[in-house]
Amino acid sequence: MRIVLLGAPGSGKGTQSKLLIEKYKIPQISTGDLLRAAVAAGSDLGRKAKAAMDAGQLVSDDVVLGMIQERLSKPDARAGFILDGFPRNIPQAQALDAMLARLSQPLQLALLVDVDTEVLMKRITGRRTCSNAACGAIYNIYFSAPKSQGKCDKCGSNLAHRSDDNENTVRSRLQVYEQQTAPLVSYYKAQGKLRTVRGTGSVNEIFKNVTDIIEVQMRPLAAAMSAAQAAAAKSAPPKPVKPAKKPAAAKPAAKPAAKPAAKKSAAKKPAAKKPAAKKPVPKKKPAPKPKKKAVKKAAPKKAKKPAKKRPAPKAKKKK
Ligand SMILES: [Zn+2]
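Residues numbered from 1 in each chain as written. Predicted model: local features only at pLDDT ≥ 70, side-chain atom pairs only at ≥ 80, totals over all residues. Heavy atoms only, no water.

What about the overall build of the chain?
Argument step 1. Looking only at helices and strands, the chain has 13 helices and 8 strands in total.
Argument step 2. Each of the 319 residues in the chain was classed as buried or not, and the buried ones make up 34%. (Helix = DSSP H or I, 4+ residues; strand = E, 2+ residues; numbered from the N terminus. Buried < 20%, exposed > 50% of the residue type's maximum accessible area, 1.4 Å probe, protein only.)

Shown next, in the form of structure tokens:
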């Protein structure tokens, strides 16, 4: 399964991604990790990325896409992948689609973990971490407050508040996310690939909803497709196999398998080229034989010619 994860900072999509990796045994592809690994390994793409970063520039989309493509060629990505942190804008999404199309591995799902902005604010600004590095317990003053304010329940150390977790910083981070992501949401919605899961409730509840989306919407679609392929193979010439693949990327309207199958085979029948070949070519050929003047009426006259030869001279003489 090939998934792009969309979600704001604090939406919990990272947690959901980890659970998906465990359940479906597919890798998460994070562009940040890929960049670090490529730079460390000193690959061609890594050197290009490093040159850009050293010059204080953004790493180009081409380099990032190249790294993603390399990553997809590894064996553990055969069953699919979860993309996190990429794409971040429409041109990247389009370039990604083009690259995946070349690999015949189109995205199947863009999963948006949706959380109200005010909840995100509380999740991030309310975060408190135990200052004792050996403990590292995490609290939230709104959702999971320590028993005594500012002190760790486990070790009694002071709780720390990250300076970049203050309200203004977080709000502008969320605004940037909103501006980047809204167009992507529309983009994938238009492709029929967007599914939204509410990111509130317990981690397990959210994950249940995530897997429901995958099981209910993606699996039956795959089943419908293979049923359609089987039906098409029976009812029509062997061509249908390839076209049947495209709907994988399309809307998971996943109703009963039989209906899509029927539609597809019905749609393919008219495409058969037989009628074109049947055009009445043979009828025209006999016509040209007669002499120039009598093209149209030739056929009947021809037959009569032998008979006409005798009377013809008589008629001329009478006139
Ligand atoms: Zn502690």
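So much for the structure itself; the text now carries on.
Section: the coordination of the zinc ion
Argument step 1. Taken together, Cys-130 (SG), Cys-135 (SG), Cys-152 (SG) and Cys-155 (SG) make up the protein donors of the zinc ion, found 2.3 to 2.4 Å from the metal.
Argument step 2. Given 4 donor atoms and angles of 95 to 116° at the metal, the environment of the zinc ion is assigned as tetrahedral.
Argument step 3. Residue Cys-130 is classed as buried on the basis of its relative accessible area, which comes to 5%. (Donors = N, O, S within 2.8 Å, 3.2 Å for Na, K, Ca; no water. Tetrahedral: all angles 85-135°; square planar, octahedral: opposite > 155°, others 65-115°.)

Focus on the sheet that holds strand β7 (residues 159-160)
Argument step 1. Pairing is antiparallel in the open sheet, where 3 strands are placed in the order β6-β5-β7. Here the strands that pair on one side only, and so sit at the sheet edges, are β6 (138-140) and β7.
Argument step 2. Against the sheet, helix α6 (residues 117-125) touches β5 (127-130) and β6, its axis set at about 20° to β5. (Pairing = 2+ DSSP bridges. Contact = heavy atoms within 4.5 Å. Axes fitted to C-alpha atoms, helices over the stretch in contact; angles between N-to-C directions.)

Concerning unusual backbone geometry
The bulk of non-glycine residues show a negative phi, and the bulk of peptide bonds are trans.
Argument step 1. The step from Phe-86 to Pro-87 runs through a cis peptide bond, and the omega angle for that step is 0°.
Argument step 2. We note that Lys-25 has phi near 55°; this positive angle belongs to a residue other than glycine.
Argument step 3. Mapped onto the elements, Lys-25 comes out in the loop between α1 (13-24) and β2 (28-30).
Argument step 4. If you check the backbone angles, Ser-104 has positive phi at about 55° while not being a glycine.
Argument step 5. Relative to the helices and strands, Ser-104 resides in the loop between α5 (90-102) and β4 (109-114).

Focus: the side chain of Ser-157
Argument step 1. Its location among the elements puts Ser-157 in the loop between β6 and β7.
Argument step 2. Residue class for Ser-157 comes out buried when judged on its relative accessible area of 18%.
Argument step 3. Apart from the residues within four sequence positions on either side, Ser-157 is in contact with Cys-130, Ser-131, Asn-132, Gly-150, Lys-151 and Cys-152.

Thoughts on the packing of helix α2 (residues 31-41) against helix α3 (residues 44-54)
Argument step 1. Their axes nearest at 7 Å, the elements α2 and α3 cross at an angle of 105°. When the interaxial angle is binned, α2 and α3 end up roughly perpendicular. Mapping the contact onto sequence places Leu-35, Ala-38 and Val-39 in α2 and Gly-46, Ala-49, Lys-50 and Met-53 in α3. (Parallel < 35°, antiparallel > 145°, perpendicular 65-115°, else oblique.)

Notes on the packing of α3 against helix α4 (residues 61-72)
Argument step 1. Contact pair α3 / α4: the axes reach a minimum separation of 10 Å and the direction vectors enclose 150°. With respect to each other, α3 and α4 are oriented roughly antiparallel. When the axes of α3 and α4 are compared, the crossing they make is left-handed. Packed against α3, whose contacting residues are Leu-45, Lys-48 and Ala-49, the element α4 presents Val-63, Gly-66, Met-67 and Glu-70 at the interface.
Argument step 2. Looking at the contact of α3 with α4 residue by residue, the classes come out as 4 nonpolar, 1 polar and 2 charged. (Left-handed = near helix turned anticlockwise from the far one by under 90°. Nonpolar A, V, L, I, M, F, W, Y, C, P; charged D, E, K, R; others polar.)

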